[in-house]
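Given next are the chains, with one letter for each unit.
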Amino acid sequence: MKINNWLSNIQDWLLPRLCPGCGLTCKDPGQHLCPGCRVSLPVIDHGCPRCAIPYMHADIQGTCGACQRNPPAFASAVALYRYAPPVDHFIRALKFHHDLAMATLLGQSLATAVSNAPAHPDVIVPVPMHPARLRHRGFNQAVEIARPVARELGLAMDLDGVVRVRDTAAQARLTKPERRRNLRRAFEARRDYDGLSVALIDDVMTTGETAHHLARTLLKAGAREVTVWVIARTSSGR
Ligand SMILES: [Zn+2]
Ligand SMILES: [Zn+2]
């Protein structure tokens, strides 16, 4: 750790780093973000324990109305940030500009947030990408975020136990019921998850539908419990 700090100090001196949040020089040794961006992160400190939707008022307690009416297949969810600036910018940099250093930074923050949970899962499953999409993008951002989480927490990462058999992201022209029907059959388990507790990892959770259908597939394949860990959560409901 000491050597790492020493090295990064030398690197900062030789080549000033730019803050990925604002693009200005970051002079804070050992920090990726400048102090201004660090305090402006849209941290979710209070939300639905089931789906992580942020609550606007500190006095709202318990699961949200959507989860009560229509409980998702996953048992709980952790989201670090609201999907808002500068986090939306970080995620776009990762997804569309192949900024894999950003995946490491976000994954490490996620690892820190979940590290003091009462129980750790048996295995981490990054939300799989359809093979056609993976060929097009060249990498799966969920896998890149999951790597540092698995490493920091010493957890196994399962990359091929469940596959995405429908490219649901490419179905913008379909109607909502058609999309929903396709999502229902989007994932297939290729192994037994006999009694395992699983943490799904993704970059953003929007409606929670993808996580719900993936969790259902895992539970059908024998998983005991599924939880969801994401970097960002949109503020609109499920
Ligand atoms: Zn900044
Ligand atoms: Zn909820």
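Residues numbered from 1 in each chain as written. Chains lettered and ligands numbered in written order. Predicted model: local features only at pLDDT ≥ 70, side-chain atom pairs only at ≥ 80, totals over all residues. Heavy atoms only, no water.

Engineer: Help me get a handle on the sheet that holds strand S4 (residues 123-126), residues and values and all.
Structural biologist: By way of backbone hydrogen bonds, the strands of a sheet pair with one another, either parallel or antiparallel. Read from one edge to the other, the open sheet built from five strands follows the order S3-S9-S8-S4-S5, with strand pairing classed as parallel. This sheet does not close on itself; its edge strands, each paired only once, are strand S3 (76-82) and strand S5 (156-157). Of the pairings in the sheet, the one linking S4 to strand S8 (residues 197-205) comprises four bridges and is parallel in character. Counterpart to valine 123 in the pairing with S8 is valine 198. Contacting S4, S5, S8 and strand S9 (225-233), helix H7 (residues 141-153) crosses the sheet at an angle of about 135 degrees to S8. (Pairing = 2+ DSSP bridges. Helix = DSSP H or I, 4+ residues; strand = E, 2+ residues; numbered from the N terminus. Contact = heavy atoms within 4.5 Å. Axes fitted to C-alpha atoms, helices over the stretch in contact; angles between N-to-C directions.)

Engineer: Residue-level account of the coordination of the zinc ion (ligand 1), with values.
Structural biologist: Reference geometry at the metal: tetrahedral coordination by four donors gives ideal angles of 109.5 degrees; octahedral coordination by six donors gives 90 or 180 degrees. Within the protein, the atoms that donate to the zinc ion (ligand 1) are Cys19 (SG), Cys22 (SG), Cys34 (SG) and Cys37 (SG), at distances of 2.3 to 2.4 Å. Geometry at the zinc ion (ligand 1) is tetrahedral, judged from its four donor atoms and the angles of 106 to 114 degrees they form at the metal. Between the donor residues of the zinc ion (ligand 1), the gaps in sequence give the motif C-x2-C-x11-C-x2-C. (Donors = N, O, S within 2.8 Å, 3.2 Å for Na, K, Ca; no water. Tetrahedral: all angles 85-135°; square planar, octahedral: opposite > 155°, others 65-115°.)

Engineer: Kindly report on the domain arrangement of the chain, identifying the contributing residues and their values.
Structural biologist: What the domain assignment lists for the chain is domain 1 (1-40) and domain 2 (41-233). Relative placement of domain 1 and domain 2: their C-alpha centres are 28 Å apart. Contacts between the two partners involve eight residues from domain 1, matched on the other side by eight residues from domain 2. Approximately 590 Å² of surface area, both sides summed, lies buried where domain 1 meets domain 2, with 66% of it carried by carbon and sulfur atoms. (Domains from an automatic or database assignment. Buried area = accessible area lost by both parts, 1.4 Å probe.)

Engineer: Break down the environment of glycine 65 for me, citing the residues and quoting the values.
Structural biologist: Counting through the fold element by element, glycine 65 comes out in helix H3 (residues 65-69). The partly exposed category is assigned to glycine 65, whose relative accessible area is 35%. Glycine 65 sits 17 residues away from cysteine 48 along the chain, and the two C-alpha atoms are 9.3 Å apart. (Buried < 20%, exposed > 50% of the residue type's maximum accessible area, 1.4 Å probe, protein only.)

Engineer: So what about H7? Which residues, and what values?
Structural biologist: With 13 residues, H7 should reach 18 Å at 1.5 Å per residue; the first-to-last C-alpha distance of 19 Å fits that figure. The buried fraction of H7 amounts to ten of the 13 residues, a majority that puts the element mostly inside the structure. Looking at H7, one finds that the buried residues are Gln141, Ala142, Val143, Glu144, Ile145, Ala146, Pro148, Val149, Ala150 and Leu153. Sitting at the head of H7, asparagine 140 places a side-chain oxygen 2.9 Å from the backbone nitrogen of alanine 142. In the stretch just after H7, glycine 154 is the one whose phi turns positive, near 65 degrees. (Expected span 1.5 Å × (residues − 1). Polar contact = N/O pair within 3.5 Å; in protein donor to acceptor, adjacent residues only side chain to side chain.)

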